Number of protein chains: 2
Amino acid sequence: MDENILGIIAGVLTSVSMIPQLIKVIKEKNADELSWIMLLVLISGLSLWIWYGFIKDELPIILSNSFAVIVNITLLICYMIYKKK
Amino acid sequence: MDENILGIIAGVLTSVSMIPQLIKVIKEKNADELSWIMLLVLISGLSLWIWYGFIKDELPIILSNSFAVIVNITLLICYMIYKKK
């Protein structure tokens, strides 16, 4: 299989698996099950993967980790909004 | 920065961020917040990333996704054990 197609399918699957938690948090307006420390650790790790993807010039890695960063920054924002209540 | 060191740091960070959920599920013996469909989607995606890592011969990708597969298979086993109760 072409490695880029493989990487894109892999990225779509790992990205799709993140959506339900995001929907749940937004729908229930409840972020109690999230840990902001772990979100920050995760966002840092994902950002380094994007950097890694740029160095290696691998689009599937850049795209899937960028998507994951967006999802997790959104979760972090939800955490800050809903925790105040 | 050497790309392998970068990838390993990235992998350690994204791996570490998974541990609290695993500990929580095992400690509370409660897997209600897990979705087995999403775990299967995630495990499929991570497995394809391992395959991608082998094709590209990139150890950081192979190692971090292998770790993630182990964590998520453990979560899936926890789901099956605790859901029965």
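Going by an unreviewed UniProt entry, chain A carries the name MtN3 and saliva related transmembrane protein and comes from Chryseobacterium ginsengisoli.

### Describing the interface of chain B and chain A
Between chain B and chain A, the residue contacts involve 30 residues of the former and 30 residues of the latter. Both faces considered, chain B and chain A share a buried interface measuring about 2800 Å² in area, 76% of it formed by carbon and sulfur atoms. Of all residues in chain B, L6, W49 and Y52 of chain B give up the largest surface area on contact with chain A, accounting jointly for 22% of the area buried on that side. On the surface where chain B and chain A come into contact, there are 2 salt bridges. Put simply, E3 of chain B and K56 of chain A hold a salt bridge, and the shortest N to O gap is 3.0 Å. Where chain B packs against chain A, one counts 6 residue pairs in polar contact (both at pLDDT 80 or more). Counting only elements with at least two residues in the side of chain B that touches chain A, the list comes to α1 (3-16), α2 (19-28), α3 (36-56) and α4 (59-84) of chain B. Among the elements that take part in the side of chain B that touches chain A, α3 of chain B stands out by supplying 12 residues, more than any other.

### Things to note about α1 of chain B
Residues and elements named next belong to chain B. Here α1 is 14 residues long and its end C-alpha atoms lie 20 Å apart, about the 20 Å a rise of 1.5 Å per residue gives. The set of residues buried in α1 consists of L6, G7, A10, G11, T14 and S15. Angular distribution of buried residues about the axis of α1 spans 160°; they occupy a single face of the element. Where α1 begins, the capping side chain belongs to D2, and its oxygen is found 3.1 Å from the backbone nitrogen of N4.

### Notes on the UniProt feature "transmembrane region" (unreviewed entry) in chain A
With numbering aligned to this structure, UniProt lists the feature "transmembrane region" (unreviewed entry) at residues 6-23, 35-55 and 61-82 of chain A. Between the C-alpha atoms that bound residues 35-55 of chain A the distance is 30 Å, and the span itself is 95% helix and 0% strand.

### Looking at the packing of aromatic side chains
All names here are of chain A. If you walk through the whole model with that rule in mind, you get 2 aromatic pairs over all chains. Ring centres of W49 and Y52 lie 5.2 Å apart, and the angle between their planes is 80°; on these two criteria the pair is classed as edge-to-face. With W49 and Y52 both in helix α3 (residues 36-56) and 3 residues apart, this pair spans about one turn of that helix. Overall, the relative accessible area of 0% leaves Y52 in the buried class.

### As for the relation of the copies chain B and chain A
For the pair chain B and chain A, the superposition axis carries a translation of 0.0 Å, the fit reaches an RMSD of 0.0 Å, and the rotation angle comes to 180°. Classification of the inter-copy transformation places it as that of a two-fold axis. Distance from the rotation axis, computed per C-alpha, reaches its smallest value in chain B at E33 of chain B: 4.5 Å. A high fraction, 100%, of the interface residues of chain B reappear at the interface in chain A, so the copies pair face to face through one surface.

How each quantity is defined
- Residues numbered from 1 in each chain as written.
- Chains lettered and ligands numbered in written order.
- Predicted model: local features only at pLDDT ≥ 70, side-chain atom pairs only at ≥ 80, totals over all residues.
- Heavy atoms only, no water.
- Contact = heavy atoms within 4.5 Å.
- Buried area = accessible area lost by both parts, 1.4 Å probe.
- Salt bridge = Lys/Arg side-chain N within 4 Å of Asp/Glu carboxyl O.
- Polar contact = N/O pair within 3.5 Å; in protein donor to acceptor, adjacent residues only side chain to side chain.
- Helix = DSSP H or I, 4+ residues; strand = E, 2+ residues; numbered from the N terminus.
- Expected span 1.5 Å × (residues − 1).
- Buried < 20%, exposed > 50% of the residue type's maximum accessible area, 1.4 Å probe, protein only.
- Arc of directions from axis to C-beta.
- UniProt positions renumbered as here; feature names shortened; annotations may be inferred.
- Phe/Tyr/Trp six-rings, centres within 6.5 Å; stacked < 30°, edge-to-face > 60°.
- Least-squares fit on C-alpha atoms with pLDDT ≥ 70 in both.

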